[in-house]
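Coordinate inspection notes
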Amino acid sequence: MPKQKLLMIGNGMAGVRTIEEILDRDPEKYDITIIGDEPHPNYNRIMLSNILQNKMTPSEIILNDETWYASNNITLHTDEKAILIDRHTNTVTTTKRNISYDKLILATGSRAFILPIPGADLEGVLGFRTIADTEKMIETSKKYERATVIGGGLLGLEAARGLLDQGMDVTVIHLADWLMETQLDAKAGELLKADLEKQGMKFLMQKATAKIIGKSRVTGLAFKDGTQIETDLVVMAIGIKPEIELAQHANLPTGRGIVVDDFLNTADPDIFAVGECAEHNGIAYGLVAPLYEQGKVLADHLCGIENKGYRGSKMFTQLKVSGCDLFSAGDIKETADIKGVTIFNSIENKYKKIFMRDEKLVGVVLYGDTTEGNRLYNLLKKEEELTDFTLVSLLHKSGESENVSVAEMPDDESVCGCNGVTKGDITRAITDKGLTTIGEVTAHTKAGGSCGKCKPIIGDILEHTLGDDFVSAAPAGICGCTDLTRDQLIIQIRAKQLQTAKEVRHVLAFRNPEGCSKCRPALNYYLNMIWPQTHADEPESRYVNERLHANIQNDGTYSVIPRMYAGQTDPQQLIKIAKVAEKYNVPLLKLTGGQRIGLYGVKKEDLPKIWEELDMRSGFAYGKTLRTVKSCVGSKFCRFGTQDALALGEALERQFEFVDTPHKFKMGVSGCPRSCVESGVKDYGIICVENGYQIYIGGNGGTEVKEAQLLTTVATEQEVLDICSAFVQYYRETGVYMERTAPWLERMGMEHVREIILDPTEQAKLKDTLAEALAGRDDPWKQVLEDEEKQKLYHVERV
Amino acid sequence: MEKKYIADLENLTPLIGREIIMDGTTIALFRLTDDSVKAIENRCPHKNGPLAEGTVSGTNVFCPLHDYKISLETGVVAAPDEGCVKTYETVIENGKIYLVTAL
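Please read all numbers here as calculations on a predicted model, not as lab measurements. The residue count restarts for each chain, going from 1 along the sequence in the order it is written. Chains carry letters from A onward and ligands carry numbers from 1 onward, assigned in written order. For a predicted model such as this one, the threshold for reporting local features is a pLDDT of at least 70, and the threshold for listing and counting side-chain atom pairs is 80 or more; totals across whole chains, interfaces and linings nevertheless cover every residue. Values reported for side chains reflect all heavy atoms of the structure, with hydrogen atoms and water molecules removed beforehand.

Remarks on the overall build of chain B
Summing up its helical and strand segments, chain B has zero helices and nine strands in all. Counting from the amino terminus, chain B carries its helices and strands in the arrangement β-β-β-β-β-β-β-β-β. Split into buried and exposed, the 103 residues of chain B put 52% on the buried side. Carbon and sulfur atoms form 47% of the exposed surface of chain B, whose accessible area is close to 4,600 Å². Under the scheme used here, helices are H or I runs from DSSP no shorter than 4 residues and strands are E runs no shorter than 2 residues, and both carry numbers assigned from the N terminus. For every residue, the accessible area (1.4 Å probe, protein chains only) is compared with the maximum for its type, and the residue is labelled buried under 20%, exposed over 50%, or partly exposed between those bounds. Computed by Shrake-Rupley with a 1.4 Å probe, the accessible areas treat only the displayed protein chains as cover when residues are assessed.

This is how it looks when you write it as structure tokens:
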């Protein structure tokens, strides 16, 4: 029997999730075609505000990439709009073709509601709904300064926070008395406003916009009370409007959305609607959790699996703005029969309010601490009488009431609201599949994969489920191939005089004789460190960046970042870089964070040619090694400079370049305590003062910001170099591969490290050992250019 | 069936991939420790990572972009990740590597 043709109009989260659910149930049942009018595959719209807030990139929010569609045999037409549904012939006409169907799913979603006021069509007036809107906002922020967001609801505030992050001056216009008035009560709304004001957001409350002012581009807003403000960008975030025109033209009953029954069926037995465009029982939902619940029901129905039908959803809300944790669910207005219980802790600015009717929980508002959100939401959904519960309890000893949420949580309670995953689903996955990390739980169950707010609870469940095994289940070894720790390995390598990685794996009984992507580079590093003269480096165990001496980019191209000692360059170098960039059509030239020039988007085959033409040394911007020595101009030009910071920076960089370290290693030399080069967050940071040089160690400005600690103050440049030798070598000898100096220092203890590297005998010994390791080092680019065998690595064969 | 000459065994370094472009498709070619040769599509199903640049261990390659583990024998991505890449059959005759393609 030929497969039935299933056509879906709309390529968004609700629709594609429905298709995933169908594929899970019966991948062979339908021939699937999807039409989407955006030029992207399915992406996570909830995360758009994270793009605006510089937390994610557009490619990171793609949920299903093109290969997913291809590998599931789904025909995808993007950038194509459906225009007409012909219900007599079961055909949909798009801007490019006619497509016939047996079953049709309308998943057209909704669009941003734009106020019907004069000027709403001016340039610079946007909704906040798509990747295109988001990109437009980021683009605008580069040219203009002032932004106005109309609407102080969830979406408006996330947009406003993002525009602040883009460097704009942001004002939020809100009609009601307090922010997010449908989800928050007045008190929580005020707390939120105060916190956002502290972040720099401005507010105009109880303001109704009358008109948008401007000739071709927006220049201001006029309000009904006669006042005006100037602005360069207007984002309307006052709500969404379900896309129902197609259904209306096809004479399907519509209200606010396309009317569907409990099985998401429209009035036509072959046509279904799911997601924001559908209206069930008078409600068109705009949050992801109910839409995913609908998707499951529809998938069952279309695969012929019996199902109770969709009964509507209770909703909850959280705001993705850091520093403003809030949670809201259910009915939050006090009436004659709904009574509230409020707890406000003004010491920690935590506000909790629950709303009860007939001893049942009907609403929750949490501000400042939302850890109880899920537990309360589940109580609310169950509609049980809460006679056993204490409504208010103050000053319990810590520990008495903790962890109640996970241990007492029944299996059918929902943990991940976005994806409808219960505690039972998670515990089953943990025990059946032996999962030990939050990442694994997300990979297997989807829990935590959408908004991510439930990850702490998943962690609690892991700990609770695994109990004592939680610790022992976590592998103690450096990777899955061995149970040996880093220290045990080093001791064994030295004791048994193991010379090669193969020998280490064989003698120490690694489970996988060829190792894995984790232990291979680690062993290569340890062996190089222990036997600097005799160990032959294994290029095949190096990560691609260190093997090819270039940083791999997300599209498989590479970057070229030449050495510029202490950030200095000269006209000849700049001319060479410019010529090379032009000749090889380098897509991006950019100054790096380490005061150098990077050429990005270079093809692998071009790398050696470019290095040859540049005739500069490798900046080693790709390795676990000394990266840069960021330096200021110091006493050479700066009127505050106390020492020649440039010369010291260059000396440090020349002495320590090309040495392998457990992780990347950055230095900084500031000419005075103003520390323009941020020496306080460098692995080895120098601050020059009138009487010498302050040496700071163990700083890190990355994932976890760690302030460097003052090691000592010395009088001469030579001492700075000597102490650096000892520090680098001690880190090399005792560091775990992939461990930065900050956690290393914490593990070793500052006092211990200070004692070792400032002790004259130890210092001299460490310095000698490092000199031995440095002896054989050379510029890797030059080595490639001088060795035809090495150049073969860059060849691409064409046959 | 057709045999197409693609490379010489002696030009491949064990455990370091080589990128081959054939009729517009790019293929990742690997010489394993036992001198056998494997060929797969040079494109990770996750984010199109160039598998020829990955770390090779046993009969698996780890994608250089996000560490997906992919079997060089079946092309299947190891759980919990999902996906599959195309594999190609190869033969070695007198040190020359040929790709076997269906006509």
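Right, picking up where we left off after that structure.
Observations regarding the overall build of chain A
Regarding its fold elements, chain A presents 27 helices and 37 strands. Looking at chain A as a whole, 52% of its 799 residues are labelled buried. Looking at chain A alone, contacts between residues at least 24 apart form 62% of all its contacts between residues at least 6 apart. For chain A, the accessible area works out to roughly 36,500 Å², and carbon and sulfur atoms hold 50% of it. We call two residues in contact when some of their heavy atoms are within 4.5 Å.

Quick notes on the nonpolar core
Core analysis: the largest hydrophobic core is formed by 47 residues, its most contacted members being I9, I19, I85, V92, L104 and L106 of chain A. Those residues in contact with I9 of chain A, other than ones at most four positions away along the chain, are I35, A82, I85, V92, L104, I105, L106, A107, T108 and L246 of chain A. Here, the term nonpolar core denotes a set of buried Ala, Val, Leu, Ile, Met, Phe, Trp, Tyr and Cys residues that are joined through side-chain atoms within 4.5 Å.

Some remarks on the sheet that holds strand β37 (residues 796-798) of chain A
At least two bridges found by DSSP between two strands are what make those strands a pair. Pairing within the open sheet is mixed, and its seven strands lie in the order β37(A)-β2(B)-β3(B)-β4(B)-β8(B)-β9(B)-β1(B). Edge positions in the open sheet fall to β37 of chain A together with β1 (2-8) of chain B, since each of these has one partner strand only. Recorded for the sheet is a direction-independent mean angle of 30° between the axes of neighbouring strands. Of the pairings in the sheet, the one linking β37 of chain A to strand β2 (residues 18-22) of chain B comprises three bridges and is parallel in character. Residue pairing in the sheet places R798 of chain A in a bridge with I21 of chain B of β2 of chain B. Between N-to-C directions, angles span 0 to 180 degrees; the directions come from axes that are lines fitted to C-alpha atoms, helices contributing only their stretch in contact.

Thoughts on helix α19 (residues 571-583) of chain A
The α-helix advances 3.6 residues per turn, and as a result positions three or four apart in sequence lie on the same side. Residues and elements named next belong to chain A. Multiply 1.5 Å by the residue count of a helix minus one, and that product is the helix's expected span. For α19, built from 13 residues, the straight-helix expectation of 18 Å at 1.5 Å per residue is met to within 8% by its first-to-last C-alpha distance of 18 Å. Turning to α19, its buried residues are Q573, I577, V580 and A581. Summarising the axial view, the buried residues of α19 lie within an arc of 100°, below the 170-degree limit, and thus occupy one face. In α19, those exposed residues whose orientation departs by more than 90 degrees from the buried face are P571, Q572, K579, E582 and K583. Polar contact is the term for a pair of N or O atoms within 3.5 Å; when the atoms are in protein, one must be able to donate a hydrogen and the other to accept it, and sequence-neighboring residues count only if both atoms are side-chain atoms. The N-capping residue of α19, defined by a side-chain oxygen 3.2 Å from the backbone nitrogen of Q572, is D570. Phi turns positive one or two residues past the end of α19, at N585, with a value near 50°. It is the directions from the helix axis to the C-beta atoms that the arc portrays.

Re the pairing of strand β11 (residues 169-174) of chain A
All names here are of chain A. Burial analysis of β11 places five of its six residues in the buried class, which makes it a mostly covered element. Pairing of strand β10 (residues 146-150) with β11, which is carried by five bridges, proceeds in the parallel orientation. Counted as the bridge partner of V149 is V172 from β11. A clockwise path from the first strand over the helix to the second, with the strands pointing away from the viewer, defines a right-handed crossover. In this view, the connection linking β10 to its parallel neighbour β11 by way of helix α5 (residues 154-165) has right-handed handedness. Here β11 pairs with strand β12 (residues 202-205) via four bridges, running parallel.

Remarks on the interface of chain A and chain B
Between chain A and chain B, the residue contacts involve 32 residues of the former and 31 residues of the latter. Each of two parts loses accessible area, computed with a 1.4 Å probe, when they are put together; buried area is these two losses added. If you sort the residues of chain A by the area they bury against chain B, E514, E797 and V799 of chain A come out on top, with a joint share of 24%. By definition, a salt bridge exists where a carboxyl oxygen of Asp or Glu is found within 4 Å of a side-chain nitrogen of Lys or Arg. Taken together, chain A and chain B are joined by four salt bridges. Close ionic contact of K518 of chain A with D67 of chain B constitutes a salt bridge, the shortest N to O distance being 3.5 Å. Breaking the side of chain A that touches chain B down by element, the ones donating at least two residues are α12 (438-445), α18 (544-548) and β37 of chain A.

Some details on the UniProt feature "binding site: [4Fe-4S] cluster" (unreviewed entry) in chain A
Residues and elements named next belong to chain A. Following the UniProt record, one finds the feature "binding site: [4Fe-4S] cluster" (unreviewed entry) at C632, C638, C672 and C676. A maximum C-alpha distance of 11.2 Å places the annotated residues, which cover 45 residues in sequence, within one compact spot. Its location among the elements puts C632 in the loop between β32 (626-631) and α21 (645-656). When you line up the elements, C672 lands in the loop between β33 (665-670) and β34 (684-689). What C672 contacts, discounting residues up to four positions off in sequence, is F640, I687 and C688. UniProt positions are given in the numbering used here, feature names are shortened, and annotations may be inferred rather than shown by experiment.

Notes on the sheet that holds strand β4 (residues 82-86) of chain A
All names here are of chain A. With antiparallel pairing, the three strands of this open sheet are ordered in space as β4-β5-β6. Each of the sheet's edge strands pairs with one partner strand only, and the pair in question is β4 and β6 (98-100). In this sheet, neighbouring strand axes are inclined to one another by 20° on average, regardless of whether the strands run parallel or antiparallel. Relative to β6, strand β5 (residues 91-94) is paired through three bridges, and the arrangement is antiparallel. Within β6, the position partnered with V92 by the bridge is I99.

Focus on the pattern of salt bridges
Residue and element names in this part refer to chain A. All told, the structure shown has 58 salt bridges over all chains when counted by the stated rule. Its salt-bridge partner being K353, residue D185 comes within 4.0 Å of it at the nearest N-O pair. One end of the pair, D185, is in the loop between β11 and α6 (186-198); the other, K353, is in strand β24 (residues 350-357), with 168 residues separating them in the sequence. For the pair formed by D185 and K353, the shared burial category is buried. With its nearest N and O atoms 3.7 Å apart, the salt bridge here joins E746 to K706. Of the two residues, E746 sits in helix α23 (residues 741-748) while K706 sits in the loop between β35 (692-697) and β36 (709-714), which places them 40 residues apart along the sequence. Accessibility expressed as a relative area gives 58% for E746, which makes it exposed. The partly exposed category is assigned to K706, whose relative accessible area is 28%. Each of the salt bridges in this network shares a partner with another, and the network as a whole consists of D537, R542, E546, D660 and R777.

A short note on the environment of W781 of chain A
All names here are of chain A. Within the fold, W781 resides in helix α26 (residues 780-785). Owing to a relative accessible area of 2%, W781 belongs among the buried residues under this scheme. Distance from W781 to D615, taken between C-alpha atoms, is 9.3 Å for residues 166 residues apart in sequence. Discounting residues that sit within four places of it in the chain, W781 has contacts with H549, V560, I561, P562, W611, M616, R617, S618, G619 and Y622.

A look at the packing of helix α24 (residues 750-758) of chain A against helix α25 (residues 760-775) of chain A
All names here are of chain A. Between α24 and α25, whose axes approach to 5 Å, the crossing angle comes to 75°. In terms of their interaxial angle, α24 and α25 are classed as roughly perpendicular. Residue-level inspection shows I756, I757 and L758 of α24 in contact with α25, the latter providing P760, E762, Q763 and L766. Roughly parallel refers to an angle under 35 degrees, roughly antiparallel to one over 145, roughly perpendicular to one between 65 and 115, and oblique to any angle outside these ranges.

Here's the deal with unusual backbone geometry
The omega angle of the peptide bond from A79 of chain B to P80 of chain B is 5°, so this bond is cis rather than trans. Mapped onto the secondary structure, P80 of chain B falls in the loop between β7 (69-71) and β8 (87-93). Positive phi, normally seen in glycine, also occurs at E359 of chain A, with a value near 65°. For E359 of chain A, a relative accessible area of 43% corresponds to the partly exposed category. Unlike most non-glycine residues, F620 of chain A shows phi in positive territory, near 50°. With respect to the element layout, F620 of chain A can be found in the loop between α20 (607-614) and β32.

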